[in-house]
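# Architecture at a glance
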Amino acid sequence: MNIHKQKLAPGITFVGVPIGTARDITLRALDVLASADMLAAEDTRSLLKLMDIHGIPLDGRRITALHDHSSEGAVTRLIKAVQDGKSVAYASEAGMPLIADPGFELSRAAALAGVPVTCAPGPSAVLTALALAGLPTDSFHFAGFLPNTKAARLSALEGLRDVRATLVFYESPKRLGAMLRDANTALGGVRSAAVCRELTKKFEEVRRGTIEELADYYSEVSPRGEIVVLVDRGVLETVNSDDLESSLKAALEEMSMRDAVDLVSKAHALPRRQVYQAALELNTQKG
């Protein structure tokens, strides 16, 4: 492979790397990895392995580890190196940097320091899953990893219930079954969904169905590998103003405004803000 090694201008280049198959890397990404004065990575071993596969020597360079447990000093040193005229290439463990990735701290520090930043784009698990899932792609919401605990996860999912876009999550294989059961509760089991596993790898799999069907399946099956879960947008119920007003009046006769708004918004699957506004208008009319 003809790698073009050249002198790079001072600055930081975020390098997209494969999410699975090593040959998915771009030629420009290889050029940057070969040419940068300094290298940084979320996982130094995975970057070293990738460079070895493509025959890119370190040439005396060390790879700076930059992950969730790195000290602030690591970012500071990289910014200082750029200010001293060096070029820095950063790569996440897999896929595009900064997407559910600690590279964000480096990006923010670079913006605050006013140092040049560019990107050699590459594969993304989010976009790859969207292309394969068979769900709408005109609008999507990437929610990353959900909280570990059940209560927090349910709360986060309920907050996404009315988002008018395909929802995209990263999930661990150990928590997939629990996540789908909670999604079934919070979002409704009839929504179409897909579980994409081991994308671009030998055992790539895309399983489609309703949330309920997938929750049932993964309650019995323990998957392996990297997982992306996608959920179709819900169909919001259309409620005319008369029905909404009647429901609110009945609820307000027996409970506080807060409880009445909570009850009616859940009963009609309406945004709480919309129901609260309707309740305020009812109170104004009474006054």
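Because the structure is predicted, anything quoted here is derived from the model rather than measured.

What follows concerns the overall build of the protein. If you tally the helices and strands in the protein, you get eleven helices and ten strands. What you see for the protein is a C-alpha radius of gyration of 24 Å, clearly larger than the 19 Å of a compact globule of 287 residues, by over 25%. For the C-alpha atoms alone, the extent of the protein along its principal axes is close to 75 × 45 × 30 Å. By residue count, 43% of the 287 residues in the protein fall in the buried class. Here the contacts in the protein between residues at least 6 apart in sequence split such that 73% fall between residues at least 24 apart. Element-wise, carbon and sulfur atoms account for 50% of the exposed surface of the protein, whose accessible area totals about 15,500 Å². The positive charge centre, built from 33 side chains, and the negative charge centre, built from 36, are 7 Å apart in the protein.

This part takes up the pattern of salt bridges. Under the defined criterion, the tally for this structure stands at 14 salt bridges. Note that aspartate 59 and lysine 5 form a salt bridge whose closest N and O atoms lie 3.0 Å from each other. Taken together, the residues aspartate 59 in the loop between α2 (44–53) and β3 (63–65) and lysine 5 in the segment before β1 (11–15) connect sequence positions 54 residues apart. Residue lysine 5 is classed as exposed on the basis of its relative accessible area, which comes to 53%. Note that arginine 108 and glutamate 105 form a salt bridge whose closest N and O atoms lie 2.8 Å from each other. Taken together, the residues arginine 108 and glutamate 105, both in helix α4 (residues 103–113) and three residues apart, mark about one turn of the helix. With a relative accessible area of 41%, arginine 108 lands in the partly exposed category. Linked by salt bridges that have partners in common, Lys150, Arg153 and Asp182 make up one network.

A positive phi angle, close to 80°, is found at leucine 98, a residue other than glycine. Examined against the element boundaries, leucine 98 turns out to sit in the loop between β4 (87–91) and α4. Residue class for leucine 98 comes out partly exposed when judged on its relative accessible area of 28%. For glutamate 198, which is not glycine, the phi dihedral falls at a positive 55°. Looking at the element boundaries, glutamate 198 is found in the loop between β8 (192–197) and β9 (205–210).

The subject of this paragraph is the packing of aromatic side chains. The description of an aromatic ring pair rests on the distance of the ring centres and on the angle between the ring planes. Taken as a whole and judged by the stated rule, the model has four aromatic pairs. Ring geometry for phenylalanine 14 against tyrosine 90: centres 6.0 Å apart, planes inclined by 75°, an arrangement best described as edge-to-face. Of this pair, phenylalanine 14 sits in strand β1 while tyrosine 90 is found in strand β4, placing the two residues 76 residues apart along the sequence. Residue phenylalanine 14 is classed as buried on the basis of its relative accessible area, which comes to 6%. With a relative accessible area of 0%, tyrosine 90 lands in the buried category.

A few words now on the packing of helix α9 (residues 241–252) against helix α10 (residues 257–267). At a minimum axis separation of 9 Å, α9 and α10 run at an interaxial angle of 140°. Overall, the two elements α9 and α10 adopt an arrangement that is oblique. Here α9 and α10 pass one another in a crossing that is right-handed. For the pair α9 and α10, the contacting residues are Leu244, Ser247, Leu248, Ala251 and Leu252 in the first and Met257, Ala260, Leu263 and Val264 in the second. Broken down by class, the residue content of the contact of α9 with α10 amounts to eight nonpolar, one polar and no charged.

Tracing the backbone through its elements, the reader meets proline 136 in the loop between α5 (125–133) and β6 (140–145). Taking the C-alpha atoms as reference, proline 136 lies 8.5 Å from arginine 233; in sequence the two are 97 residues apart. What proline 136 contacts, discounting residues up to four positions off in sequence, is Leu130, Thr166, Asp232 and Arg233.

Rules of the game
Residues numbered from 1 in each chain as written. Predicted model: local features only at pLDDT ≥ 70, side-chain atom pairs only at ≥ 80, totals over all residues. Heavy atoms only, no water. Helix = DSSP H or I, 4+ residues; strand = E, 2+ residues; numbered from the N terminus. Rg over C-alpha atoms; globule rule 2.2 N^0.38 Å. Buried < 20%, exposed > 50% of the residue type's maximum accessible area, 1.4 Å probe, protein only. Contact = heavy atoms within 4.5 Å. Areas by Shrake-Rupley, 256 points an atom, 1.4 Å probe, with all protein chains shown as cover. Lys, Arg positive; Asp, Glu negative; His and termini not counted. Charge placed at Lys NZ, Arg CZ, Asp CG, Glu CD. Salt bridge = Lys/Arg side-chain N within 4 Å of Asp/Glu carboxyl O. Phe/Tyr/Trp six-rings, centres within 6.5 Å; stacked < 30°, edge-to-face > 60°. Axes fitted to C-alpha atoms, helices over the stretch in contact; angles between N-to-C directions. Parallel < 35°, antiparallel > 145°, perpendicular 65-115°, else oblique. Left-handed = near helix turned anticlockwise from the far one by under 90°. Nonpolar A, V, L, I, M, F, W, Y, C, P; charged D, E, K, R; others polar.

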